[in-house]
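The lines below spell out each chain.
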There are 2 protein chains.
Amino acid sequence: MRLIADNLQITNPDIEKAVADFRAEPIQELVRACQKAGAHMIDINAGPLPRDGDKKMVFLVNAVQEVSDLPIVLDTTNPQAIEAGLKVAQNKVIINGFSLEPKKLDLILPLAKKYEADIIGYLLNSSGHVLPNADERLQIAVEILTEYQKTGLDKERLIIDPLIVPLIWQDGHLQAGEVLRTIRHLPEILGYPVRTIVGLSNLTAGAGRDPRRLLLEQVYLSMLTAAGLDMVLLNIFHTKTVAAAKAAAALISEKPFAWESL
Amino acid sequence: MRLIADNLQITNPDIEKAVADFRAEPIQELVRACQKAGAHMIDINAGPLPRDGDKKMVFLVNAVQEVSDLPIVLDTTNPQAIEAGLKVAQNKVIINGFSLEPKKLDLILPLAKKYEADIIGYLLNSSGHVLPNADERLQIAVEILTEYQKTGLDKERLIIDPLIVPLIWQDGHLQAGEVLRTIRHLPEILGYPVRTIVGLSNLTAGAGRDPRRLLLEQVYLSMLTAAGLDMVLLNIFHTKTVAAAKAAAALISEKPFAWESL
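Below is a short write-up of the structure.

**What to know about the pattern of salt bridges**
Residue and element names in this part refer to chain A.
(1) Moving on: For the structure shown, the criterion picks out 20 salt bridges over all chains.
(2) Moving on: One salt bridge connects Asp21 with Arg23, and the closest N-O pair in it is separated by 4.0 Å.
(3) Moving on: For Asp21, a relative accessible area of 38% puts it in the partly exposed group.
(4) Moving on: For Lys104, the salt bridge identified is with Glu101, shortest N-O distance 3.5 Å.
(5) Moving on: Residue classification places Lys104 among the buried positions, given a relative accessible area of 15%.
(6) Moving on: Via salt bridges that share partners, Lys92, Asp118, Arg157 and Arg195 belong to a single interconnected network.

Following this line, the structure appears as C-alpha cells:
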C-alpha cells in the first residue's frame, strides 16, 4: 500500500498564508514531517487556485522538491496550474485528476500525454456526479479507460479513484460497500490489474471531531486493502491508521515475514 | 458479524479445575462477563475430553445455560461428549465441528441430523490437513457440502470454517490471503450464501505476548468482514478487536446509520 500524505492543503490557514507570501519554510517543515511519518508521496492539494495558479503551483512544487525526493501529486482543478507544476517538476508526478466531464477530458487528460505523467481518473459521470452503486461506477471506469487510451498513453499509467463519499450522506453507508465492490471488480472489468486510489478522509468528512472517525478510518482502510486497493491519500499523522494500513498490506503480502517488520 | 466468545477453554487452569471439581461458579462468572462484553454466542472449548467426556460436557452446558440464553458452540473432538451436550441443551446449539476425516463423517456429522443442530465444517482434507491455497480449500468445500447434503439436512444449517493458520507457519503470510479469497468465493462456488466462521486467535497463535497481536487481529478481522465473513470466534475481552468488528460490519451494513450506533 502506497501512503500519500494529504496534509499539504491550501485550506490549512498556515499553508494558505505561506503560499500567499511565497514563504517555503512552513511548507517544507510539513513535508519533512510527512516523510518522517512514513509518506511515500506528497499530495499538493492546492484547491482551484483562481488567482496566480501557475505561479503558486510552481512555488509549491519547488518548495516540496527542494526538501524531498518523494513523488508529488498535483491536486488542483486548474489545468494551467497543473501544467505549470509539470513543467518544473523533477520528482515523479501524478496528476490528480480527470473525469468524464468535458472540461477535464479537454484540458487535463492531454497533460498526462504531453508530460508523460501518471494520472488519476475519478469515477464520476460526465456531469461530475458520483454514481450510487458499483455497477454504475464500473461502467464509468470502462468509459474512463476508453477516453484514456485515445491519448495513446500506456494504461499502466492510469490510476482509478472510485470515490469514497461521506458516511453522513443519505446513502453513505451503502456507498462504503459499493466502493469495496468497485475496487474488487475493476481488474476483471477492465481486463488488467489497474491501480486504484482513494481519499480516505472523505469517509468521515463532516463528522467533526467525532471520536469514531479514527476507528472507522482504520477499519475501512483494512477493508479497502482486502479489496485490492493500491494507494491511499490520508492524514499521515494518524499513526494508528498508518499502522493499520501497514498491517493489512503485510497480511496479504507475498513476501515472507512481512508482518514481522511491522 | 456474530461474535462468539472463545474464552471458555478447558486449557485455562481455572476452568480446568472448575470442571474437574464440577463447580459451576467460575464458569458462570466467565460466561456473564462474556455476555456483558458483547458476545452473541459462547464457545465451550472442552478439548478432546479423554475421561468422563459426556459427564463433563453435560456439566458445562448446564453451567452455561443456567446463566445465559446465548447460543452454545459445542467445541470438542469427542463425539460422545457432543451427543451428551446436545441431549441436555436447551439453548440453541452449534456443533464445532466436522471435516472430511472418516471419523468425523461417521461419528460427528450424523449428530447434526439426529439433533437438528447447526454444524461447522472445516476445510481440511480427509487426512485432517489444511490445504495451502484457496482453490484447494474451495474444492474441499464442495466435498463438505456433498457429504453434508447426504444427511438430508438443510444446507442453510452448515457453517464453513476455511481455517486460519498461524502467521508463524512457513507459508502463514500466504495463507492469510488465501483464507480471504476462500471466503469471498464460497457463495459462488457452493451456489448459495453459505455462512462462514473463523477462529481469529489462530492468526497469532505461537506469537506469545507480541504487542502486534492485537493490531493484526483488528486489521485481519476488518479484512475478513470485507470478504464476507459471518461469524468469528475471538477473545471477547479484546475490546479494540470487538470495536473493529462492529465498525467493519457497520460499514457494509445495509441499515442506514449503523455506524452511528458504534
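**Some points on the sheet that holds strand S7 (residues 195-199) of chain A**
Residue and element names in this part refer to chain A.
(1) Moving on: Around the barrel, which closes on itself, the 8 strands sit in the order S1-S2-S3-S4-S5-S6-S7-S8 with parallel pairing between neighbours. Pairwise comparison of adjacent strand axes, ignoring direction, gives a mean angle of 25 degrees for this sheet.
(2) Moving on: Across 3 bridges, the pairing between S7 and strand S8 (residues 231-234) is parallel. By the bridge assignment for S8, Ile197 is matched with Met231.
(3) Moving on: Along the sheet, helix H4 (residues 79-88) contacts strand S3 (72-76) and strand S4 (93-98); its crossing angle with S3, the most-contacted strand, is approximately 160 degrees.

**Regarding the environment of His129(A)**
Residue and element names in this part refer to chain A.
(1) Moving on: Examined against the element boundaries, His129 turns out to sit in the loop between strand S5 (118-122) and helix H7 (134-150).
(2) Moving on: Residue classification places His129 among the partly exposed residues on the basis of a relative accessible area of 49%.
(3) Moving on: The spacing of His129 and Glu101 is 28 residues in sequence and 9.4 Å in space, taken between C-alpha atoms.

**Describing the nonpolar core**
(1) Moving on: In terms of nonpolar packing, the biggest core is built from 169 residues, with Ile27(A), Tyr220(A), Leu224(A), Ile27(B), Tyr220(B) and Leu224(B) touching the most fellow members.
(2) Moving on: Residues lining this core come from more than one domain, with at least three contributed by each of domain 1 (1-91) and domain 2 (125-262) of chain B.
(3) Moving on: Ignoring any residue separated from it by four or fewer positions in sequence, one finds Leu224(A) in contact with Ile164(A), Val179(A), Leu180(A), Ile183(A), Val198(A), Leu200(A) and Leu229(A).

**A few points about the interface of chain B and chain A**
(1) Moving on: Across the contact, 34 residues belong to chain B and 34 residues belong to chain A.
(2) Moving on: Interface area, chain B with chain A, both sides summed: about 3,000 Å², of which 73% is carbon and sulfur.
(3) Moving on: For the chain B face of the interface with chain A, the top three residues by lost area are His173(B), Leu251(B) and Trp259(B), together amounting to 25%.
(4) Moving on: For the pair chain B and chain A, the number of links is 0 salt bridges.
(5) Moving on: The interface formed by chain B and chain A includes 3 residue pairs in polar contact (both at pLDDT 80 or more).
(6) Moving on: Mapped by element, the contributors of at least two residues to the side of chain B that touches chain A are helix H8 (172-190), helix H9 (212-227) and helix H10 (239-251) of chain B.
(7) Moving on: Top element by residues in the side of chain B that touches chain A is H9(B). It accounts for 9 residues.

**Re the packing of aromatic side chains**
Residue and element names in this part refer to chain A.
(1) Moving on: Evaluated as defined, the whole model comprises 2 aromatic pairs over all chains.
(2) Moving on: For the ring pair Phe22 and Phe59, a centre distance of 5.2 Å and an interplane angle of 80 degrees mean the geometry is edge-to-face. Placement of Phe22 in the loop between helix H1 (13-20) and helix H2 (25-36) and of Phe59 in helix H3 (residues 53-67) is noted, with a sequence separation of 37 residues between them.

**What to know about unusual backbone geometry**
Residues and elements named next belong to chain A.
(1) Moving on: A cis amide bond, omega -5 degrees, links Asn96 with the succeeding residue Gly97.
(2) Moving on: Mapped onto the fold, Gly97 is located in strand S4.
(3) Moving on: The phi torsion at Leu163 lies on the positive side, around 70 degrees, for a residue other than glycine.
(4) Moving on: Judged by its relative accessible area of 13%, Leu163 is buried.

The rules we used
- Residues numbered from 1 in each chain as written.
- Chains lettered and ligands numbered in written order.
- Predicted model: local features only at pLDDT ≥ 70, side-chain atom pairs only at ≥ 80, totals over all residues.
- Heavy atoms only, no water.
- Salt bridge = Lys/Arg side-chain N within 4 Å of Asp/Glu carboxyl O.
- Buried < 20%, exposed > 50% of the residue type's maximum accessible area, 1.4 Å probe, protein only.
- Pairing = 2+ DSSP bridges.
- Helix = DSSP H or I, 4+ residues; strand = E, 2+ residues; numbered from the N terminus.
- Axes fitted to C-alpha atoms, helices over the stretch in contact; angles between N-to-C directions.
- Contact = heavy atoms within 4.5 Å.
- Core = buried A, V, L, I, M, F, W, Y, C linked by side-chain atoms within 4.5 Å.
- Domains from an automatic or database assignment.
- Buried area = accessible area lost by both parts, 1.4 Å probe.
- Polar contact = N/O pair within 3.5 Å; in protein donor to acceptor, adjacent residues only side chain to side chain.
- Phe/Tyr/Trp six-rings, centres within 6.5 Å; stacked < 30°, edge-to-face > 60°.

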